[in-house]
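# A look at the structure
What follows is each chain in one-letter form.
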Amino acid sequence: MTNPWIIALSAIFLWWASTGLILWRVRCADLGGPDDHLWSVLLGLPLLVGGAAGAHASVSQLTVGSVYGGFLSALAFWGWIELAFLSGIVTGPQRQPCPPNARWPERMRRAVGTILWHEFALIAGLLALTQLTLNAPNPFAALTFATLFFARVSAKLNLFLGAPRIHTEFLPRPLAHLASHFRKAPMTALLPLSIAALALATGWWSALAAQATDDALFIGYLLLAVLTALALIEHLFMVVPVPDQKLWHWMLPEAASTQPTKQDT
């Protein structure tokens, strides 16, 4: 599988499908019993264990199979942490909405408090994968996780500081208070800087892929280029009036009678 179109489409499909499955499971738990979110996280533990095991198995050799294995392992590892966050299990000590009149220092303190344990989990995962792949032949599990990590940090900062378009319809019941920490406003200087940085990173990975003389390196860098380009598009969606939520909205179950058209506003 060295065809660049197949590689790119595979990465896009994995991004779309994995995001959709997590959102679907979280929505199902939202509509279920009080312990459904906890069960989602517990039953999803094979993602964490499998991701860690797969990353460990992939680092010792640089082949086409091991590059794909490292990429998929990082997605699985990341996916479990995101599932634990969206399920309200690994979030932070602050679980109350932010007062609308809160000053900037208090807003920052509260916002950090809502995601603190989640950020620690992501940092721990990044450090673990970096240590695992340090001086190893195949670094792509750590590079994949790092790409997701820094893109997510950028998105969170932009949502906190202010962006023209913010979608909150996918926030699950345990994280309903997060919407009070977002700021819908004209974009700050950070958003164009973030877009420029992601565009440069996409170009950098693409250049490395174009210069690669080995199939494994070509695939690895192209996967990273596509993943970074997707993060770039997500940032552009904070500005461009495109109904991107429809990518997943159609596949999510709705409440029986209480939410008929609320999400379409």
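Reference entry: report on the structure contained in this document. Because the structure is predicted, anything quoted here is derived from the model rather than measured. (Residues numbered from 1 in each chain as written. Predicted model: local features only at pLDDT ≥ 70, side-chain atom pairs only at ≥ 80, totals over all residues. Heavy atoms only, no water.)

### Looking at the overall build of the protein
Inclusion rule: Each helix is a run of H or I in the DSSP string that is no shorter than four residues. Each strand is a run of E no shorter than two, and both are numbered from the N terminus. Computation of the radius of gyration draws on C-alpha atoms, with the globule rule given as 2.2 Å multiplied by the number of residues to the power 0.38. Between buried and exposed lies partly exposed: a residue is buried under 20% and exposed over 50% of the maximum accessible area for its type, with that area taken using a 1.4 Å probe on protein chains only. In this description, contact between two residues means that some pair of their heavy atoms is separated by no more than 4.5 Å. Using the Shrake-Rupley algorithm and a 1.4 Å probe, accessible areas are obtained, with residue cover drawn only from the displayed protein chains. Only four residue types enter the tally: Lys and Arg on the positive side, Asp and Glu on the negative side, with His and both chain ends excluded. Every charge is mapped onto a representative atom, which is NZ of Lys, CZ of Arg, CG of Asp or CD of Glu.
In terms of helices and strands, the protein carries nine helices and zero strands. Written out in order from the N terminus, the α and β elements of the protein read α-α-α-α-α-α-α-α-α. By the compact-globule yardstick of 18 Å for 265 residues, the protein fits well, its C-alpha radius of gyration being 19 Å. Its C-alpha atoms give the protein principal-axis dimensions of roughly 55 × 40 × 35 Å. Looking at the protein as a whole, 45% of its 265 residues qualify as buried. Expressed as a percentage of contacts within the protein between residues at least 6 apart in sequence, the contacts between residues at least 24 apart total 76%. If you sum the accessible surface of the protein, you get close to 13400 Å²; carbon and sulfur atoms cover 70% of it. For the protein, the distance from the average site of its 15 positive side-chain charges to the average site of its 13 negative ones is 11 Å.

### Considerations on the packing of aromatic side chains
What counts, and what does not: Think of it this way: a Phe, Tyr or Trp ring, Trp meaning its six-membered ring, pairs with another when their centres are within 6.5 Å, and the plane angle makes it stacked under 30 degrees, edge-to-face over 60, tilted otherwise.
All chains considered together, the criterion is met by eight aromatic pairs. Between tryptophan 78 and phenylalanine 145 the ring centres are 5.2 Å apart and the planes differ by 75°, which places this aromatic pair in the edge-to-face class. Of this pair, tryptophan 78 sits in helix α4 (residues 64–86) while phenylalanine 145 sits in helix α6 (residues 140–161); the two residues are 67 residues apart in sequence, bridging distant segments of the chain. Per residue, the accessibility class of tryptophan 78 equals that of phenylalanine 145, and both read buried. Considering the side-chain rings of tryptophan 205 and tyrosine 221, the 6.0 Å spacing of their centres and the 20° angle between planes classify their relative orientation as stacked. Highlighted residues: tryptophan 205 in helix α7 (residues 190–211) and tyrosine 221 in helix α8 (residues 215–236), separated in sequence by 16 residues. Among the aromatic residues, ring-to-ring pairing joins Phe77, Trp78 and Phe145 into one connected group.

### Some remarks on α6
Stated precisely, the cut-off is as follows: Expected span of a helix, by definition, is 1.5 Å for each gap between consecutive residues, and there is one gap fewer than residues.
Over its 22 residues, α6 extends 32 Å from the first C-alpha to the last, a length consistent with the 32 Å expected when each residue adds 1.5 Å. Backbone geometry just after α6 places glycine 162 at a positive phi near 140°.

### Considering the nonpolar core
Selection rule: What makes a nonpolar core is a set of buried Ala, Val, Leu, Ile, Met, Phe, Trp, Tyr and Cys residues whose side-chain atoms join them at distances within 4.5 Å.
Grouped together as the largest cluster of nonpolar side chains are 52 residues, with contacts concentrated most on Ile7, Leu86, Phe145, Ile219, Tyr221 and Leu223. Counting residues per element, this core draws most heavily on α4, which supplies 13 residues. Formed by eleven residues, the second largest nonpolar core is a distinct cluster that contains Ala151, Leu159, Ala163 and Leu198.

### With respect to the side chain of asparagine 138
Put simply, the test is: The definition of a polar contact used here is a pair of N or O atoms within 3.5 Å, where within protein one atom must be able to donate a hydrogen and the other to accept one, and adjacent residues in sequence count solely through side-chain atom pairs.
Along the polypeptide, asparagine 138 turns up in the loop between α5 (104–133) and α6. Within the structure, the side chain of asparagine 138 is placed 2.9 Å from the backbone oxygen of serine 58, a separation counted as a polar contact.

### Description of α5
Just so we agree on the cut-off: Two axes define the bend at a residue: one fitted to the seven residues ending there, one fitted to the seven starting there, and the bend is the angle between them.
Isoleucine 115 marks the point of greatest bend in α5, at about 60°. After α5 finishes, the residue asparagine 135 shows a positive phi value of roughly 65°.

### Remarks on the packing of α6 against α8
Short version of the rule: To obtain each axis, a line is fitted to C-alpha atoms, and for helices this fit is confined to the stretch in contact; angles are then taken between N-to-C directions over 0 to 180 degrees. Each angle gets one of four labels, with under 35 degrees taken as roughly parallel, over 145 as roughly antiparallel, 65 to 115 as roughly perpendicular, and the rest as oblique. Asp, Glu, Lys and Arg are counted as charged, while Ala, Val, Leu, Ile, Met, Phe, Trp, Tyr, Cys and Pro are counted as nonpolar; the rest, among them Gly, fall into the polar class.
Across the interface, α6 lies against α8 with an axial gap of 10 Å and an inter-helix angle of 10°. One finds that α6 runs roughly parallel with respect to α8. Residue-level contacts link Phe140, Leu143, Thr144, Thr147, Leu148, Ala151, Ser154, Ala155 and Asn158 of α6 to Ala216, Leu217, Gly220, Tyr221, Leu224, Leu227, Thr228, Ala231 and His235 of α8. Class assignment for the residues of the contact of α6 with α8 results in eleven nonpolar, seven polar and no charged.

### Focus on the side chain of serine 40
Along the chain, serine 40 turns up in helix α2 (residues 36–43). In terms of polar contacts, serine 40 uses its side chain to reach the side chain of arginine 25, at 2.7 Å. With residues near it in sequence (within four places) discarded, serine 40 still touches Arg25, Ala29, Leu83 and Ser87.

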